[in-house]
Amino acid sequence: MTPQPVDNDLWDGLTALEEPPGEDDAAPDVWEDPIPLTGRRERPPFPAHVLPAWLGEFVTAVAQETQTPVDLAGSIALAVLATAAGGRSVVHVRGNWREPTNLYTVVALPPANRKSAVFALLTNPLYEAEKQLKTAMKPVIVEAELTARLAKEAADKAAAKAASADGDKRDDMVATAVGLAQTADTLTVPAEPVLLADDSTPETVTSLMAEQGGRLSVMSAEGGIFDIIAGRYSGSPNMEVFLKGHAGDRLRVNRQTRREYIDAPALTIGLAVQPDVLRDIGKVKGFEGRGLLARFLYSLPVSTVGEREIITEPVPEQTAATYTARVIDLALSLAEWTDPAVIQLSPEADAALIAYQKRIEPQLKARGGKLGHISNWAGKLAGATARMAALLHLAEHGGNGYAHPVTEDTMRAAIELGDYYTAHALAVFDVMGADPVLSRARSVLEALRDNGWEDVSRRDVFTVLSRSEVPTVADLEPALALLEEHGYLRSYQPERTGKRGRPPAPRLTAHPSLRHGGR
């Protein structure tokens, strides 16, 4: 890209704001090693202690047996709860604010971390619950199929008779045939219950959700669903069902062969992927702009590979049996709800959530806010926390959780989970390159290395950078400040060469390693 001319008045204005030079303004010669920009953020371990006892014990035991980070089993466990309760319950926060209880979770771990084994242990009860739902529904489906077939045959026979009837009887027989046809048309055969789907196409997910009364879960130990959403196999992205399925917004699809209406979709997604998948999806056009990436709760735990014990204790039988029974009970107890069960917050729980919202809000500022560069994600954090509080509440009380309000302790447990996912989201969005200041700082480093500058003006740095990445001088300053904080640059004020006029523009001294190809 051709460098654009720099506004001299702007540079003069920046220069005029500088303090007069002093004796200590000269750039010192001694440099310490710079702090790498790629330094990892602190990522706390999953707080399994905030889960109800039966769930926390199982999650911890699975992590111990499989020698995997507890984060993996913990995040999958939340998705399991959301599968059991999503679409059949909502949490009433305050006023007109209600949140569905479905979640999108994704854990990123390198290969050989036994993701599939953990998935199987956590999701097996859901498949058992699905099997029991199918067994219970089978007689109803058979009866409905028979009734519908008989009604259709009766309508067809009546139509045939009306077609060949004499004039006097024809009108009455036509009316009878029409009535029977209308009756047959109103008869529907219930779909076989499905709780879980694999990496399905958007069209399949939409159809399954429509059949299942708006509820469905996609659980997978792979990241293929992102490829499907991005349209790598169909040729065009299709994320509508995944956007509305998280928010609960009305979804209507008109096709040539079928019309599907879902008034309150509730889609749950639970994934375990390799870290490279997160890096790749951050580059997919439309994922961030449409808000898909903002809907996931991210976990980026430290791999245990290389430090695992060889002989481990299996999950205790009673712990596994309790987990299985509680998950199945929650799924079955809410399965018949058409109008969702409404979970209420106690006044104390609401006060805790309000305090949490007040703590988060200043961090969303675009300039200076800790979460400013991921405000799309962080703006949904309070809602996600309310959802997790409702799920923890249902895990504690089962399907009749609607009869009890969410307590302050449960809300604080959900807030601790919110803080955990916030710390990991910051790390994940770093991997995705979501922080423009960090990205620009890296571009400045590349420019310094390429040009071998020892001493350079801000103006020269700005000139060689792409205007698409650094549109204005103001956009460059935070990147330079970050590099100075990390020890890559030093800013100093040159001495005046004369007594009149404005002081010279401040300059930058680069770390010696940048002049010798260092990193």
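Here goes a summary of the coordinates provided.

Basis of the calculations
- Per-chain numbering applies: the sequence of each chain, read as written, is numbered from 1 onward.
- Local features in this predicted model are restricted to residues of pLDDT 70 or higher, and side-chain atom pairs are both shown and tallied only at a pLDDT of 80 or more, whereas totals for entire chains, interfaces and linings draw on every residue.
- Side-chain descriptors were evaluated using all non-hydrogen atoms of the structure, hydrogens and water having been removed beforehand.
- As used in this record, nonpolar core signifies buried Ala, Val, Leu, Ile, Met, Phe, Trp, Tyr and Cys residues forming a set joined through side-chain atoms within 4.5 Å.
- Burial classes follow relative accessibility: with a 1.4 Å probe on protein chains only, a residue under 20% of its type's maximum area counts as buried, one over 50% as exposed, and anything between as partly exposed.
- Residues count as neighbours in contact if any of their non-hydrogen atoms are within 4.5 Å of one another.
- For two strands to pair, DSSP has to find at least two bridges joining them.
- Put simply, DSSP H or I for four residues or longer makes a helix, DSSP E for two residues or longer makes a strand, and each gets a number counted from the N terminus.
- The angle between two axes is taken between their N-to-C directions and runs from 0 to 180 degrees, where each axis is a line fitted to C-alpha atoms and a helix contributes only its stretch in contact.
- Salt bridge, as used here, is a side-chain nitrogen of Lys or Arg placed within 4 Å of a carboxyl oxygen of Asp or Glu.
- Here a polar contact is taken to be a pair of N or O atoms separated by no more than 3.5 Å, where protein atoms must pair a possible hydrogen donor with a possible acceptor and residues adjacent in sequence count only if both atoms sit in side chains.

**Some details on the nonpolar core**
- The biggest cluster of nonpolar side chains holds 119 residues, and the ones touching the most others in it are Leu122, Phe242, Phe287, Tyr298 and Trp377.
- Beyond its immediate chain neighbours, meaning those up to four positions away, phenylalanine 287 contacts Phe226, Ile229, Ala230, Met239, Ile281, Leu292 and Leu293.
- Counting 24 residues, the second largest nonpolar core, distinct from the first, contains Leu448, Val470, Val473 and Leu489.

**Let's talk about the sheet that holds strand 10 (residues 341-344)**
- Across the sheet, three strands lie side by side as 2-1-10; this open sheet has mixed pairing. The open sheet is flanked by strand 2 (97-100) and strand 10, the only strands paired with a single partner. Across the sheet, the mean angle separating the axes of adjacent strands is 30° when strand polarity is ignored.
- As judged from the four bridges shared by strand 1 (residues 89-94) and strand 10, these two strands associate in the parallel manner. Opposite valine 90, over in strand 10, you have valine 342 as the bridge partner.
- On the sheet, helix 13 (residues 381-397) packs against strand 1, strand 2 and strand 10 and is oriented at approximately 65° with respect to strand 2.

**Digging into the pairing of strand 1**
- Most of strand 1 is tucked away: five of the six residues are buried.
- Across four bridges, the pairing between strand 1 and strand 2 is antiparallel. Directly across from valine 91, in strand 2, lies its bridge partner glutamate 99.
- Taken together, strand 1 and the strand that follows it, strand 2, pair antiparallel across an intervening segment of two residues, in which glycine 95 is found at a positive phi of about 55°.

**Observations concerning the pattern of salt bridges**
- This structure, assessed with the given rule, holds 14 salt bridges.
- For glutamate 192, the salt bridge identified is with lysine 134, shortest N-O distance 3.8 Å. With glutamate 192 in the loop between helix 5 (167-186) and strand 4 (196-197) and lysine 134 in helix 4 (residues 115-164), this pair connects stretches of sequence that are 58 residues apart.
- Taking relative accessible area as the criterion, glutamate 192 reaches 45% and is therefore assigned partly exposed.
- Residue lysine 152 is joined to aspartate 156 by a salt bridge in which the shortest nitrogen-to-oxygen separation is 2.9 Å. Of this pair, lysine 152 and aspartate 156 are both found in helix 4, four residues apart, which corresponds to roughly one turn of the helix.
- Under the relative-accessibility criterion, aspartate 156 is labelled partly exposed at 41%.

**Comments concerning unusual backbone geometry**
- The backbone of glutamine 67 sits at a positive phi, close to 55°, despite the residue not being glycine.
- Position of glutamine 67 among the secondary structure elements: in the loop between helix 2 (53-66) and helix 3 (70-85).
- Among the residues examined, glutamine 67 registers a relative accessible area of 11% and is labelled buried.
- One non-glycine residue with positive phi stands out, namely arginine 114, at about 60°.
- Within the secondary structure, arginine 114 is located in the loop between strand 3 (104-108) and helix 4.

**Points about the side chain of serine 89**
- One can find serine 89 in strand 1.
- When its relative accessible area of 1% is taken as the criterion, serine 89 is described as buried.
- Here alanine 85 takes part through its backbone oxygen, which lies 3.1 Å from a polar atom of the side chain of serine 89.
- Polar contacts involving the side chain of serine 89 include one to the side chain of threonine 101, which spans 2.8 Å.
- Setting aside anything within four residues of it in sequence, one finds serine 89 in contact with Pro100, Thr101, Pro340, Ala341 and Leu394.

**A word on the sheet that holds strand 9 (residues 297-299)**
- The parallel open sheet is built from five strands, whose spatial order is 4-5-8-3-9. On the outer flanks of this sheet lie strand 4 and strand 9, each paired with one strand and no other.
- As judged from the five bridges shared by strand 3 and strand 8 (residues 266-273), these two strands associate in the parallel manner. Residue pairing for strand 8: valine 107 is matched across the bridge by alanine 272.
- Along the sheet, helix 4 contacts strand 4, strand 5 (215-220) and strand 8; its crossing angle with strand 8, the most-contacted strand, is approximately 155°.

That is the geometry; function is a separate question.
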